[in-house]
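# Coordinate inspection notes
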Amino acid sequence: QGQQIESGGGLVQAGGSLRLSCTASGRPFSRYTMGWFRQAPGKEREFVAAINWSGGSTIYAESVKGRFTISGDNAKMTMYLQMNSLRPEDTAVYYCVPTTQESGFWYALDAWGQGTLVTVSS
């Protein structure tokens, strides 16, 4: 089990919204590049979004641009993923983890947590 704990998932209709939260008992998120990943049924885990507070930068997978927003609150030791205009293809288990990019691919730098399940119905 990883240090991070994801929450906020649930069942929502297409077009609806959810806000996922990621908490950690370790070091402040601001010291790392933090990412959200997801794994849909029958698919490999994929990158969703990442944030680097030191550089003030965020990056999103093309599939979620304009719909999802990644943010963090260092005081609360919590990272968020605001998910709007949800689509059935967003259905997946969502994970947060420190991350890095190499050769265009995002990798986890720590153990995966249990994740939180998001189910979007048509």
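Presented here is a report on the structure given in the accompanying data block.

How each quantity is defined
- Residues numbered from 1 in each chain as written.
- Predicted model: local features only at pLDDT ≥ 70, side-chain atom pairs only at ≥ 80, totals over all residues.
- Heavy atoms only, no water.
- Helix = DSSP H or I, 4+ residues; strand = E, 2+ residues; numbered from the N terminus.
- Rg over C-alpha atoms; globule rule 2.2 N^0.38 Å.
- Disulfide = S-S within 2.5 Å.
- Buried < 20%, exposed > 50% of the residue type's maximum accessible area, 1.4 Å probe, protein only.
- Salt bridge = Lys/Arg side-chain N within 4 Å of Asp/Glu carboxyl O.
- Polar contact = N/O pair within 3.5 Å; in protein donor to acceptor, adjacent residues only side chain to side chain.
- Contact = heavy atoms within 4.5 Å.
- Core = buried A, V, L, I, M, F, W, Y, C linked by side-chain atoms within 4.5 Å.

### Thoughts on the overall build of the protein
Helix and strand counts for the protein come out as 0 helices and 11 strands. Listed N to C, the secondary structure of the protein is β-β-β-β-β-β-β-β-β-β-β in terms of helices and strands. Radius of gyration (C-alpha) of the protein: 13 Å, near the 14 Å computed for a compact globule of 122 residues. Dimensions of the protein, computed from the C-alpha atoms along their principal axes, are close to 40 × 30 × 30 Å.

### Considering the state of the cysteines
Evaluation of the coordinates by the stated rule reveals 1 disulfide. Between the sulfur of Cys 22 and that of Cys 96 lies a disulfide, 1.8 Å long from S to S. An S-S torsion of about 70° defines the bridge between Cys 22 and Cys 96 as right-handed. Linking Cys 22 in strand E3 (residues 18–24) with Cys 96 in strand E9 (residues 92–102), this pair joins segments that are 74 residues apart in sequence. Overall, the relative accessible area of 0% leaves Cys 22 in the buried class.

### Looking at the pattern of salt bridges
Under the criterion given, the structure shown has 4 salt bridges. A salt bridge links Arg 38 to Glu 46, with the shortest nitrogen-to-oxygen separation between them at 2.8 Å. Arg 38 gets classed as buried once you look at its relative accessible area, which sits at 4%. Ionic contacts of the salt-bridge type, sharing partners, join the residues Arg 38, Glu 46, Arg 67 and Asp 90 into one network.

### So, the side chain of Thr 33
Within the secondary structure layout, Thr 33 lies in strand E4 (residues 33–39). Only 2.6 Å separates the side chain of Thr 33 from the side chain of Asn 52, close enough to count as a polar contact. Setting aside residues no more than four positions away along its own chain, Thr 33 makes contact with Ala 50, Ile 51, Asn 52, Val 97, Pro 98, Thr 99 and Trp 106.

### Quick look at the nonpolar core
In terms of nonpolar packing, the biggest core is built from 31 residues, with Trp 36, Met 79, Leu 81 and Tyr 94 touching the most fellow members. The set of elements that each furnish at least two residues to this core consists of E3, E4, strand E5 (46–52), strand E7 (68–73), strand E8 (78–83), E9 and strand E11 (116–121). Per-element tally for this core: the top contributor is E5, with 5 residues.

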